[in-house]
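Now for the letters of each chain:
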Amino acid sequence: MIRKCIALVVPARLSEEVTAKSLDVRHGTLQALYGPRDCIVRGDWQAYVRADNGGNLRPNVRATQLLHETGLYLPEVAGNALFLGSTEQGWATDAPAHLIRLAERLFDMRLVEAELV
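Residues numbered from 1 in each chain as written. Predicted model: local features only at pLDDT ≥ 70, side-chain atom pairs only at ≥ 80, totals over all residues. Heavy atoms only, no water.

Draft legend 1. Layout of the pairing of strand E3 (residues 38-42). The pairing of E3 with strand E4 (residues 45-50) spans five bridges and is classified as antiparallel. Counterpart to cysteine 39 in the pairing with E4 is tyrosine 48. Between the antiparallel neighbours E3 and E4 lie two residues, among them glycine 43 with a positive phi of about 60 degrees. (Pairing = 2+ DSSP bridges. Helix = DSSP H or I, 4+ residues; strand = E, 2+ residues; numbered from the N terminus.)

If you want it as structure tokens, here you go:
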């Protein structure tokens, strides 16, 4: 069964836009689309990032900065990063509005409201 949530997607390539879009958040689907991910859970959100680059992936400076702004000081993350909401039971939900707004302020951009519906 497909399980869709609004995800904040922060691409590693600076030429690609940060987006908030509906994604199938099943583990297998995310892994097929974005490769293996490490999951960081913090309060009401979770991030799927690559903490071990291994030299194969482009550093993701925007995701690293966003994590720093939330109080997580990872030396560097690599590849595309996905941010979702998280319930107390560990289920994925829509990315929290406060995290999306923080990304908008940090990256001086505005997400299209239609993407958030």
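Let's pick the thread back up.
Draft legend 2. Spatial organisation of the environment of leucine 82. Along the chain, the position of leucine 82 falls in strand E5 (residues 78-86). Separated by 48 residues in the primary sequence, leucine 82 and tyrosine 34 have C-alpha atoms spaced 9.1 Å apart. Contacts of leucine 82, omitting those with residues within four sequence positions, involve Leu8, Val9, Leu23, Leu30, Tyr34, Gln46, Ala47 and Tyr48. (Contact = heavy atoms within 4.5 Å.)

Draft legend 3. How the structure looks around the pattern of salt bridges. One pass over the full model with this rule turns up four salt bridges. The salt bridge involving arginine 13 is made with glutamate 16; its shortest N-O contact spans 3.8 Å. Accessibility expressed as a relative area gives 35% for glutamate 16, which makes it partly exposed. Notably, a salt bridge pairs aspartate 24 with arginine 26, separated by 2.5 Å at the nearest N-O pair. Residue classification places arginine 26 among the partly exposed positions, given a relative accessible area of 35%. Taken together, the salt bridges that share partners define one network made up of Arg101, Glu104 and Arg110. (Salt bridge = Lys/Arg side-chain N within 4 Å of Asp/Glu carboxyl O. Buried < 20%, exposed > 50% of the residue type's maximum accessible area, 1.4 Å probe, protein only.)

Draft legend 4. View of the side chain of threonine 70. With respect to the helices, strands and loops of the structure, threonine 70 is situated in the loop between helix H2 (61-69) and E5. Engagement of the side chain of threonine 70 in a polar contact is seen with the backbone oxygen of leucine 67, the distance being 2.7 Å. Here threonine 70 is in contact with Arg42, Trp45, Leu99 and Leu102, once residues within four sequence places are set aside. (Polar contact = N/O pair within 3.5 Å; in protein donor to acceptor, adjacent residues only side chain to side chain.)

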